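Inside the fold
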Amino acid sequence: MSNTPAGKTNSIVLTEGPSRAAARAMLRGVGFTKEDLHKPIIGIANTWTEIGPCNYHLRDIAAAVKEGIRAAGGTPMEFNTVTISDGITMGTEGMKASLISRDLIADSIELVARGNSFDGLVCIAGCDKNMPGAIMALARLDIPGLMLYGGSIAPGHMHVGADGKTPEPGSKKEIDVTIQQVFEAIGAHAAGKITDAQLEEAEATACPGPGACGGQFTANTMAMAGEFLGISPIQITGVPAMSTEKHAASREAGKLVMDLARAGLKPSQIITRESLEDAIAAVCASGGSTNAVLHLIAIAHELDLPLTVDDFDIISEKVPFICDLQPGGKYVARDYQDAGGSRLLAERLIEKGLLHGNTPTVSLKTIREEATSAHETKGQHIILPWSAPLKPTGGLVILKGNLAPEGCVVKVAGHERIHHTGTARVFDSEDLCFAAINAGKINPNDVLVIRYEGPRGGPGMREMLAVTAAIKGIPELSETVALLTDGRFSGATRGLMAGHVAPEAQLGGPIAAVHEGDTITFDIPGRKLTLNVSDEEIAKRLANFVAPAPRYKRGVFFKYANSVSSASKGAITT
């Protein structure tokens with residue numbers, strides 16, 4: 001049609017011509033006008049829920065995005081999808097739903113977008129799996145669109161005692177805290193190190209309002225990764241949830257999607273092998289979550305782009321760790337944004353020759369062009385100069401060896417141990433390990449082995465934050481115990497922890513052959529995770545292996561377990 005507005009491509013088949021009168025009648029029944037339906041139709045996928053702070057405010061974000069779309073000549077149509085709060089479900093059966101939700105989110109967004117022939121799409125996400133799920137959907141659909149982060153939570157302010165860490169009601173000294181400190185306080189409380197009142201101090205102050213967990217945990221890691229992939233608007237993404245700037249930033253995102261629709265710029269032109277490498281570099285430089293490995297591999301798969309766990313190790317070896325962010329550092333996401341945010345980090349990485357930055361982004365500029373607008377706040381101590389890195393290499397390493405032939409992921413941003421050998425303490429679920437910690441049955445230097453928590457065995461790869469935080473809350477274990485699992489870790493995890501051990505135990509991977517009392521060696525420089533028994537003995541043990549019966553016989557967990565791939569391949573479903 002000659003008078004069709006620029007950017008109205010897919011939705012013509014839904015809204016234009018006499019044959020579409022019935023469709024238009026139904027849409028007019030919910031308030032859209034004749035003029036609305038002639039404009040480009042932009043879907044808004046909202047992960048709003050009132051179950052938890054990460055997504056609670058996303059209706060307000062969506063309202064601002066709609067304003068921007070309408071102001072730019074489009075018609076927004078909002079729909080909802082599911083979300084699971086990792087922080088709330090942590091340590092329970094519900095945590096198994098978290099990673100499963102990533103693929104369900106992608107599937108549901110894809111279904112609604114294909115069903116309604118949208119011309120563009122804005123995916124509003126707040127929690128860990130929302131963001132990769134949204135990006136996976138955008139990649140599959142390959143229509144102009146972007147992922148908009150709901151923003152990080154403000155830090156809480158906890159009163160602390162003389163050590164500057166232990167909750168102390170009534171103290172005059174305060175520190176910024178996140179949910180990380182609550183999980184660690186749970187461990188300290190279980191060990192008798194703090195009182196009920198001190199635990200209450202942490203609980204009552206850590207989450208002062210809406211927004212995603214405040215450290216460089218998985219949510220903020222994936223928000224940053226979205227910026228460097230180019231699929232999220234850089235700097236707009238980093239505006240905190242409750243900032244006075246949030247409405248204007250979200251409105252601007254609505255305008256940007258209309259620019260994308262008119263330009264015809266698609267995710268496949270934005271997410272490339274180069275932009276994936278740039279996202280990995282940013283994750284490594286910032287000490288980001290190990291979950292980025294799973295999610296970026298899954299996103300690459302959607303576009304048939306080659307990406308393996310080895311790529312993370314290669315890039316991490318070249319990229320110094322320069323962002324002083326929790327869980328291993330001092331500061332939170334709000335501080336990162338205030339210091340200069342992702343434009344400043346991009347400028348740093350370009351200066352060092354560690355970023356490609358050449359592909360277009362949703363702003364219609366490249367990351368290199370965006371970096372020229374970087375503004376560094378004078379005196380900031382969060383995004384450090386190259387002359388003073390926290391570590392000379394990045395925050396993630398990939399270990400292989402006879403215990404993890406397909407690899408496992410270790411986050412080295414939050415600890416200093418690079419070698420460790422200890423006695424294996426073997427648990428066939430997270431719950432059994434957590435109970436042993438609370439009962440005081442773990443000794444210094446032990447290596448905790450948590451298995452049958454992988455993509456298929458769990459199913460769903462529960463995060464082990466309840467366990468790892470409990471360890472960190474017990475001083476005699478905090479810097480001595482190591483842990484490995486075929487499950488995952490929260491972005492808030494710190495310490496010597498290896499996750500995503502593959503192949504997983506349910507599939508007869510070597511982790512299934514570990515016996516109580518064996519010794520296990522972590523060799524970070526050598527990139528090895530070793531069970532200190534002979535290859536012949538491992539083979540002998542596995543020859544008698546019988547996989548446990550599936551934990552679920554029907555329903556979504558059953559379907560997921562029967563379709564999910566190895567963690568080393570992104571735990572994608574086929």
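Since the structure is predicted, the reported quantities are computational estimates derived from the model, not experimental observations.

**Side note on the overall build of the protein chain**
- A count of helical and extended segments in the protein chain gives 23 helices and 14 strands.
- Here the protein chain has a C-alpha radius of gyration of 24 Å; the compact-globule value for 574 residues is 25 Å, and the two agree.
- Overall, the protein chain is about 75 × 60 × 45 Å in size when its C-alpha atoms are taken along their principal axes.
- Scored against the burial criterion, the 574 residues of the protein chain give a buried share of 62%.

**Here we look at the pairing of strand 5 (residues 156-159)**
- The alternating pattern of strand 5 places Gly-156 and Met-158 on a buried face and His-157 and His-159 on a face that is not buried.
- Sheet analysis places strand 5 next to strand 6 (residues 174-177), joined by four bridges and oriented antiparallel. If you follow Gly-156 over to strand 6, its bridge partner there is Val-177.

**Examining the nonpolar core**
- In this structure, Ile-109, Leu-121, Leu-296 and Leu-345 are the most contacted members of the largest nonpolar core, which totals 106 residues.
- If you look at the next biggest cluster of nonpolar residues, it comprises 28 residues, including Val-412, Ala-498, Ala-513 and Leu-529.

**A short note on the packing of aromatic side chains**
- Under the defined criterion, the tally for this structure stands at two aromatic pairs.
- Relative to Phe-557, the ring of Tyr-552 lies with its centre 4.7 Å away and its plane at 85°, an arrangement referred to as edge-to-face. When sorted by exposure, Tyr-552 lands in the same class as Phe-557, which is buried.

**With respect to the sheet that holds strand 9 (residues 419-427)**
- If you trace the eight strands from one edge of the open sheet to the other, you get 7-8-12-11-10-9-13-14, paired in mixed fashion. Strands with a single pairing partner mark the edges of an open sheet, and in this sheet they are strand 7 (396-399) and strand 14 (528-531). With strand direction ignored, the average angle separating the axes of adjacent strands in the sheet is 25°.
- Two strands pair when backbone bridges link them, and strand 11 (residues 482-485) and strand 12 (residues 497-502) are joined in this way by two bridges, in the parallel orientation. Looking at strand 12, one finds that Leu-483 is bridged to Met-497.

**Topic: the pattern of salt bridges**
- All chains considered together, the criterion is met by 32 salt bridges.
- Between Asp-86 and Lys-129 there is a salt bridge, with its nearest N and O atoms 2.5 Å apart. Taken together, the residues span a long stretch of sequence, with Asp-86 in helix 5 (residues 86-89) and Lys-129 in the loop between strand 3 (120-125) and helix 7 (130-141) at a distance of 43 residues.
- Judged by relative accessible area, which is 3%, Asp-86 ranks as buried.
- Assessed through its relative accessible area of 2%, Lys-129 is described here as buried.
- Note that Arg-348 is salt-bridged to Glu-376, the shortest N-O span being 3.0 Å.

**With respect to helix 10 (residues 218-229)**
- Counted at 1.5 Å a residue, the expected span for helix 10 with its twelve residues is 16 Å, and the 16 Å between its end C-alpha atoms agrees.
- Considered for burial, the residues of helix 10 that qualify are Thr-218, Ala-219, Asn-220, Thr-221, Met-222, Ala-223, Met-224, Ala-225, Gly-226, Glu-227, Phe-228 and Leu-229.
- Just beyond helix 10, the residue with positive phi is Gly-230, at close to 95°.

**Considering the side chain of Ser-289**
- Mapped onto the secondary structure, Ser-289 falls in the loop between helix 13 (273-286) and helix 14 (291-302).
- Polar contacts involving the side chain of Ser-289 include one to the side chain of Thr-218, which spans 2.8 Å.

**Section: unusual backbone geometry**
- Note that the residue after Gln-326, namely Pro-327, is joined by a cis bond; omega there is 20°.
- In this fold, Pro-327 is placed in the loop between helix 15 (309-318) and helix 16 (333-339).
- Residue Pro-503 follows Ala-502 across a cis peptide bond; omega there is 0°.
- Among the structural elements, Pro-503 can be located in the loop between strand 12 and strand 13 (519-523).
- In this structure, Tyr-452 is a non-glycine residue whose phi angle is positive, near 60°.
- With respect to the helices and strands, Tyr-452 occurs in the loop between strand 10 (447-450) and helix 20 (465-472).
- Accessibility expressed as a relative area gives 9% for Tyr-452, which makes it buried.
- A positive phi angle is found at Met-461, which is not glycine, with a value near 55°.

Rules of the game
Residues numbered from 1 in each chain as written. Predicted model: local features only at pLDDT ≥ 70, side-chain atom pairs only at ≥ 80, totals over all residues. Heavy atoms only, no water. Helix = DSSP H or I, 4+ residues; strand = E, 2+ residues; numbered from the N terminus. Rg over C-alpha atoms; globule rule 2.2 N^0.38 Å. Buried < 20%, exposed > 50% of the residue type's maximum accessible area, 1.4 Å probe, protein only. Pairing = 2+ DSSP bridges. Core = buried A, V, L, I, M, F, W, Y, C linked by side-chain atoms within 4.5 Å. Phe/Tyr/Trp six-rings, centres within 6.5 Å; stacked < 30°, edge-to-face > 60°. Axes fitted to C-alpha atoms, helices over the stretch in contact; angles between N-to-C directions. Salt bridge = Lys/Arg side-chain N within 4 Å of Asp/Glu carboxyl O. Expected span 1.5 Å × (residues − 1). Polar contact = N/O pair within 3.5 Å; in protein donor to acceptor, adjacent residues only side chain to side chain.

Geometric descriptors of this kind do not, in isolation, establish any biological role.
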